[in-house]
Amino acid sequence: MSSGAQVATRTGSLTAPTRPALLVLTLSLGVTTLSLLQSLVVPVLGPIGEQLGVSPAAAGWVLTANLLAAAVLTPVLGRLGDTRGERPVILGILVAVAIGTLLAIVTRSLPLLIVARVLQGSSYGLFPLSISVLRRELPPERLSVAMSIVSSTLGVGGVVGLVAAGLLTGDGGDYHRPFWIGLGVTLLTLVLAAVLLPRRAPTAAGRVDWLGAVVLGIGLVLLLLPVSQGNTWGWTSPLTLGCAAGALAVLAGWVLLQGRRAQPLVRPALLTDPRMLVPNIAGLMTGIGLFVSFLAVMQYVQTPPGVAGYGFGAPVLDAAVVYLLPGGVVGILLAPLAGKVVDRIGALPTLLTGALSGVAGFVVFALGRSEPWLVVTAGLLSQAWVTVAYAALPTLVVRAVRRTETGVANAVNSIARSLGQAVGSTLTVALLGAATDPATGLPRASGFTLVALLGAGAAAAVALVSLAGMVQARRSVRGDTDDLHDVERATAGAGEWSPVSGIR
């Protein structure tokens with residue numbers, strides 16, 4: 001019996017998909033929806049604050065709430081995919097995203113816009129569920145190409161989101177306009193998914209750890225609240241310190257709770273496994289760097305120099321197309337090459353190289369942002385870091401764990417990346433808010449320097465853990481997990497474990 005037939009038998013598939021190209025197209029559109037909605041608001045955070053009459057810190061929660069929802073919902077949706085099947089969960093996500101996007105279009109209330117962004121945050125579950133569908137439906141020899149195509153659309157959607165926001169709001173127009181693009185792509189994906197996604201039996205039985213999801217969400221909110229509101233409350237105020245202490249207590253309690261659950265949301269062992277420290281720390285720090293770069297560049301280049309003494313007074317369209325789009329295009333072109341580099345020299349050296357590029361990019365922004373070409377260069381270098389890191393992280397995760405734990409290990413790493421993005425956006429808004437000049441209402445130039453140093457520190461942390469991992473790897477005995485292709489083939493055929501959550 002062929003490996004593809006074995007997978008079909010174990011997962012309840014009756015036949016192989018007759019239209020694999022259309023299946024890949026549908027899943028790619030879903031992942032495009034994810035990254036499109038993520039980046040759509042980055043160029044319009046300023047207009048959102050102005051048109052809703054709220055502070056930059058409050059407007060920043062339009063982005064942070066989306067990332068926070070992603071960190072909480074991704075493992076929950078993965079577990080639902082195990083117990084209910086990928087098709088109904090993917091369709092449910094797309095319906096929720098469509099409702100959230102429609103709400104974002106019609107509302108002029110910040111609280112309701114944040115609710116809409118939370119609903120849109122469920123789209124992050126589309127990527128692991130899409131990989132699960134591919135692993136279930138395609139034979140191993142076609143799997144790697146299909147996964148590469150779907151993965152590359154993360155970068156495509158991000159670029160489309162930035163450009164669409166710039167085009168539709170470049171004349172000072174309504175910030176609601178870009179969400180129409182997101183709604184159109186979401187509805188198209190929903191129709192294609194309803195028609196083309198095969199019906200398959202669930203891969204696991206059991207329940208979702210809803211209590212664990214709620215406790216995790218409370219802990220993450222308590223963690224981000226003092227960071228975002230510290231300037232308003234005071235960094236040493238009882239409320240700020242109380243939230244920080246509460247976050248530590250709740251998250252520690254969550255880890256203990258997961259250890260007591262028969263079917264935990266995340267196995268505690270994967271949170272403390274030394275082999276997972278490198279990819280998880282790298283994912284967290286790279287997520288921070290990604291949004292530090294986006295937000296700092298967007299606000300800096302749009303600042304009128306005649307008022308603040310820095311910046312270029314760029315309209316939203318120029319900010320998106322001239323300063324952010326080049327990095328996005330480089331990311332798209334670099335992604336397939338980065339995968340080949342990982343295979344050739346190894347994941348850790350590749351991760352180290354990318355991190356050094358990130359350090360260089362943020363140093364350029366910190367010290368030499370007086371000319372537009374320097375800011376563009378800084379963006380190119382930082383985007384290269386993110387692209388290379390995200391290419392190397394899946395390989396590090398696969399090599400760090402047993403073959404039967406690949407799915408859940410990637411889910412944990414996904415949480416780390418989402419949490420890093422949320423922390424990066426929150427810290428950037430907080431630092432720039434703390435540096436606001438009362439006379440102009442704009443951040444002082446020193447605020448952007450601090451933000452750049454934050455990004456450089458995040459990249460340096462990735463470089464350090466990469467070096468530590470390389471030292472540890474030299475001391476370790478090479479095992480069978482060194483053969484990445486064998487691991488990938490085993491993962492593709494591991495029907496006895498869920499490809500999303502890794503829970504039996």
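In this convention, every chain numbers its residues from 1, walking through the sequence in written order. Residues qualify for local features only when their pLDDT is at least 70, as the model is predicted, and side-chain atom pairs are given and counted only at 80 or more; totals for whole chains, interfaces and linings, by contrast, use all residues. Each side-chain value is worked out from all heavy atoms of the structure, with water and hydrogens disregarded.

Let us now look at the confidence of the model for the protein. Per-residue confidence for the protein gives a mean pLDDT of 80, with 84% of residues at or over 70. Scored below 50 in pLDDT, residues 1-16 makes 22 contacts in the model with residues more than four places away or belonging to other chains. The predictor reports its confidence for every residue as pLDDT, a score running from 0 up to 100. Throughout, a residue-residue contact means that at least one pair of heavy atoms, one from each residue, lies within 4.5 Å. This model gives residues 477-504 a pLDDT under 50, and the stretch forms 60 contacts once residues within four places in sequence are excluded.

Time to look at the packing of helix α13 (residues 274-302) against helix α16 (residues 347-367). The geometry of α13 relative to α16 is characterised by a closest axis approach of 12 Å and an angle of 25 degrees between their N-to-C directions. When the interaxial angle is binned, α13 and α16 end up roughly parallel. Considering the relative orientation of α13 and α16, their crossing is left-handed. Residues V278, A282, G289, V292, S293, A296, V297 and Y300 of α13 pack against L348, L351, F362 and F365 of α16. Broken down by class, the residue content of the contact of α13 with α16 amounts to 10 nonpolar, 2 polar and no charged. Simply put, an axis is a line fit to the C-alpha atoms, just over the touching stretch for a helix, and the angle between two N-to-C directions goes from 0 to 180 degrees. Here a strand is any run of E in DSSP of at least two residues, a helix any run of H or I of at least four, and the numbering for each starts at the N terminus. Every angle not falling under 35 degrees, over 145, or within 65 to 115 is termed oblique; those three ranges are roughly parallel, roughly antiparallel and roughly perpendicular. Take the far helix as the reference: if the near one is turned anticlockwise from it by less than a right angle, the crossing is left-handed, and if turned clockwise, right-handed. In this count, Pro and Cys sit with the nonpolar residues alongside Ala, Val, Leu, Ile, Met, Phe, Trp and Tyr, while Asp, Glu, Lys and Arg are called charged and the others, Gly among them, polar.

Our next topic: the packing of aromatic side chains. We call Phe, Tyr and Trp rings a pair once their centres come within 6.5 Å, taking the six-membered ring for Trp, and we label the pair stacked below 30 degrees between planes, edge-to-face above 60, and tilted otherwise. Summed over the entire model, instances satisfying the criterion amount to 8 aromatic pairs. An angle of 80 degrees between the planes, with centres 6.0 Å apart, marks the rings of F291 and F294 as edge-to-face. Separated by 3 residues within a single helix, F291 and F294 lie in helix α13, roughly one turn from each other. Summarising the burial analysis for this pair, F291 and F294 share the class buried. Residues Y300 and F448 carry aromatic rings whose centres are separated by 5.2 Å and whose planes lie at 80 degrees to one another, so their mutual orientation is edge-to-face. Here Y300 is found in helix α13, whereas its partner F448 is found in helix α19 (residues 445-475), with 148 residues between them in sequence. Residue classification places Y300 among the buried positions, given a relative accessible area of 4%. Partly exposed describes any residue whose relative accessible area lies between the buried limit of under 20% and the exposed limit of over 50%, with all areas from a 1.4 Å probe on protein chains only and scaled to the type maximum.

This part is about the environment of G125. Looking at the element boundaries, G125 is found in the loop between α6 (110-121) and α7 (126-137). Residue G125 is classed as buried on the basis of its relative accessible area, which comes to 2%. Sequence separation between G125 and T74 is 51 residues; the distance between their C-alpha atoms is 4.9 Å. Setting aside chain neighbours within four positions, we find G125 in contact with T74, L77 and I93.

What follows is about the pattern of salt bridges. The term salt bridge refers to a pairing of a side-chain nitrogen on Lys or Arg with a carboxyl oxygen on Asp or Glu at a separation within 4 Å. Inspection of the entire model under this criterion finds 2 salt bridges. Residue D174 is joined to R108 by a salt bridge in which the shortest nitrogen-to-oxygen separation is 2.9 Å. Here D174 is found in the loop between α8 (140-169) and α9 (177-196), whereas its partner R108 is found in the loop between α5 (86-106) and α6, with 66 residues between them in sequence. With relative accessibility at 57%, the residue R108 sits in the exposed group. Between R261 and D209 there is a salt bridge, with the nearest N and O atoms lying 3.0 Å from each other. You can see R261 sitting in the loop between α11 (238-260) and α12 (268-272) and its partner D209 sitting in the loop between α9 and α10 (210-233), a full 52 residues away along the chain. Exposure remark for R261: the relative accessible area of 32% places this residue in the partly exposed category.

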